[in-house]
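As a plain string of letters, each chain reads:
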Amino acid sequence: MTGIHRFTIGEFKCTVLSDGSGIFPGGKPAEMMFAAAPQAEAEAALRERGEPTDVMSNQINCLLIDTGEQLLLVDTGLGAASQGGMGILLDSLREAGHTPDEIDRVIISHGHGDHINGLTDESGNLIYPNARFVFWRSEWEHWTDEAWLSERPEMAAQAARKHLPPLKDHLQLVDSESDIVPGVRALPTPGHTPGHLSLLISSGGEHLIYVGDAFLHPLHVEHPEWSAVFDTSYEDAAATRPKLYRRAVETNALLLVYHITFPGLGRIVTDGDGWQWQPEATA
Ligand SMILES: [Zn+2]
């Protein structure tokens, strides 16, 4: 369990803010992370990496970007321990030298509870009172549509019903690849959810891709088609990943992945016709 990791992208000061780590309750890692894969093959790949095949760990890496003009937070974690979360995001933010009222924009990759539970407190008040909240338009529309919510798992629907309505007068919705603020570009990466967004963050010729949950595990780089049980559309998620990997290689971008071991940074390198994940060496 650790708090923060600072790095720069050109003039932008970036900080990975941990929301904690723990064990994900439920089934086996291969069944959940690689539901679309041949299970024996996925388990063998996990063993080869020295990873357990019986318990699944969960990590959460949020991102703080100080552009010099704006302070942006990307995703808000599982929420306070009192609400069932791992709950260290606000401690990490404090450790980074900032308070919630300083955040100008909160960008949400998608509407799952482990990304939105940290938006409001137990009383339903906005934790980031001065922020505008950025979503892909269709993502916002899905998670605030009762007909669609009623078909989602109850826990996911409850999180959306609780944490999203308080944002409705403070929204910035995007529906095409475009800059949210100069140097911070929304990329459509549908599949994990219908309106999942990733970010291309660029300054001084350097690039960072905030992946969110467009892929969840390093093995998804080698096997883009091994979609997870958490992916709303296995096919769309599998189609999105190669596009993101090509973009990462073209821009020589550093990547931040939400659920990979802290600090979750690495690069995509080409390997024949495919790709490999290369973790970033960090001090
Ligand atoms: Zn997630």
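Right above here is the structure, for reference.
The model shown is predicted, which means the values in this text are computed figures rather than measured ones.

*Asks:* I'd love a proper account of the overall build of the protein chain, names of residues and values included.
*Replies:* Per the secondary structure count, the protein chain includes nine helices and 14 strands. Relative to the globule expectation of 19 Å for 283 residues, the C-alpha radius of gyration of the protein chain, 18 Å, shows essentially globular dimensions. Along the longest, intermediate and shortest principal axes, the C-alpha atoms of the protein chain span 50 × 45 × 35 Å. A total of 283 residues make up the protein chain; the buried ones form 48% of that total. Pairs at least 24 residues apart make up 67% of the contacts formed inside the protein chain by residues separated by at least 6 positions.

*Asks:* Can you lay out the nonpolar core for me, pointing to particular residues and giving the numbers?
*Replies:* In this structure, Leu 63 and Leu 199 are the most contacted members of the largest nonpolar core, which totals 75 residues. Of the residues forming this core, the biggest block, five residues, is contributed by strand 3 (residues 56-66). Here Leu 199 is in contact with Val 74, Ile 107, Val 184, Arg 185, Ala 186, Leu 187, Ile 209 and Tyr 210, once residues within four sequence places are set aside.

*Asks:* Pulling in residues and values, what's your account of the pairing of strand 6 (residues 132-136)?
*Replies:* Within strand 6, four of the five residues are buried, which leaves the element mostly enclosed by the surrounding structure. Alignment of strand 5 (residues 105-107) against strand 6, held across three bridges, turns out to be parallel. Note on strand 6: the bridge partner recorded for Arg 105 is Arg 132. The pairing of strand 6 with strand 7 (residues 171-174) spans four bridges and is classified as parallel. The residue bridging Trp 136 from the neighbouring strand is Val 174, located in strand 7.

*Asks:* So, the sheet that holds strand 1 (residues 4-9): which residues are in play, and what are the values?
*Replies:* Within a beta sheet, neighbouring strands are joined by backbone hydrogen bonds and run either parallel or antiparallel to one another. Ordered in space as 1-2-3-4-5-6-7, the seven strands form an open sheet in which the pairing is mixed. Strands with a single pairing partner mark the edges of an open sheet, and in this sheet they are strand 1 and strand 7. Ignoring strand direction, the axes of neighbouring strands in this sheet form an average angle of 25 degrees. Relative to strand 5, strand 4 (residues 71-74) runs parallel, the two being bridged by three bridges. If you follow Leu 72 over to strand 5, its bridge partner there is Arg 105.

*Asks:* Pulling in residues and values, what's your account of the pairing of strand 11 (residues 206-212)?
*Replies:* Where burial is concerned, most of strand 11 is hidden: six out of the seven residues are buried. By the bridge criterion, five bridges tie strand 10 (residues 197-203) to strand 11 in an arrangement that is antiparallel. Each bridged residue has a counterpart across the sheet, and for Ser 202 the counterpart in strand 11 is His 207. Alignment of strand 11 against strand 12 (residues 254-257), held across four bridges, turns out to be parallel. Residue pairing in the sheet places Tyr 210 in a bridge with Leu 256 of strand 12.

*Asks:* I'd like a rundown of helix 9 (residues 234-251), residues and numbers included.
*Replies:* Given a rise of 1.5 Å per residue, 18 residues ought to cover 26 Å, and the 26 Å separating the end C-alpha atoms of helix 9 matches this to within 8%. Residues Ala 237, Thr 240, Arg 241, Leu 244, Tyr 245 and Ala 248 constitute the buried set of helix 9. End-on view of helix 9: buried residues confined to an arc of 140 degrees, all on one side of the axis. Exposed residues on helix 9 whose side chains face more than 90 degrees from its buried face are Glu 235 and Glu 250. Summarising the contacts, the buried residues of helix 9 are in contact with strand 10, strand 11, helix 8 (219-222), strand 12, strand 13 (265-271) and strand 14 (274-279). Immediately downstream of helix 9, the backbone of Asn 252 shows phi near 50 degrees, a positive value.

*Asks:* An account of unusual backbone geometry is needed here, citing residue identities and associated values.
*Replies:* Geometrically, the link from Phe 262 to Pro 263 is a cis peptide bond, its omega value of 5 degrees lying close to zero. Note that Pro 263 resides in the loop between strand 12 and strand 13. Its identity is not glycine, yet Asp 75 carries a phi of approximately 65 degrees, on the positive side. You can see Asp 75 is positioned in the loop between strand 4 and helix 3 (89-95). For Asp 75, a count of 26 C-beta atoms within 10 Å translates into the label buried. Of note, Asn 252 is a non-glycine position whose phi angle comes to about 50 degrees, a positive value.

*Asks:* Just give me the short version of the sheet that holds strand 11, but keep the residues and values in it.
*Replies:* Within the open sheet, the seven strands sit side by side as 8-9-10-11-12-13-14. Their pairing is mixed. Each edge of the sheet is formed by a strand with only one pairing partner; in this case those strands are strand 8 (178-181) and strand 14. Sheet twist, expressed as the mean angle between neighbouring strand axes with direction ignored, is 35 degrees. Summarising the sheet, strand 12 and strand 13 pair through two bridges and their orientation is antiparallel. In the sheet register, Leu 256 faces strand 13, and the bridge partner there is Leu 265. Of the strands in this sheet, strand 10, strand 11, strand 12, strand 13 and strand 14 are in contact with helix 9, which crosses strand 13 at around 95 degrees.

Basis of the calculations
Residues numbered from 1 in each chain as written. Predicted model: local features only at pLDDT ≥ 70, side-chain atom pairs only at ≥ 80, totals over all residues. Helix = DSSP H or I, 4+ residues; strand = E, 2+ residues; numbered from the N terminus. Rg over C-alpha atoms; globule rule 2.2 N^0.38 Å. Buried ≥ 20, exposed ≤ 12 C-beta atoms within 10 Å, placed from the backbone. Contact = placed C-beta atoms within 7 Å. Core = buried A, V, L, I, M, F, W, Y, C linked by C-beta atoms within 7 Å. Pairing = 2+ DSSP bridges. Axes fitted to C-alpha atoms, helices over the stretch in contact; angles between N-to-C directions. Expected span 1.5 Å × (residues − 1). Arc of directions from axis to C-beta.

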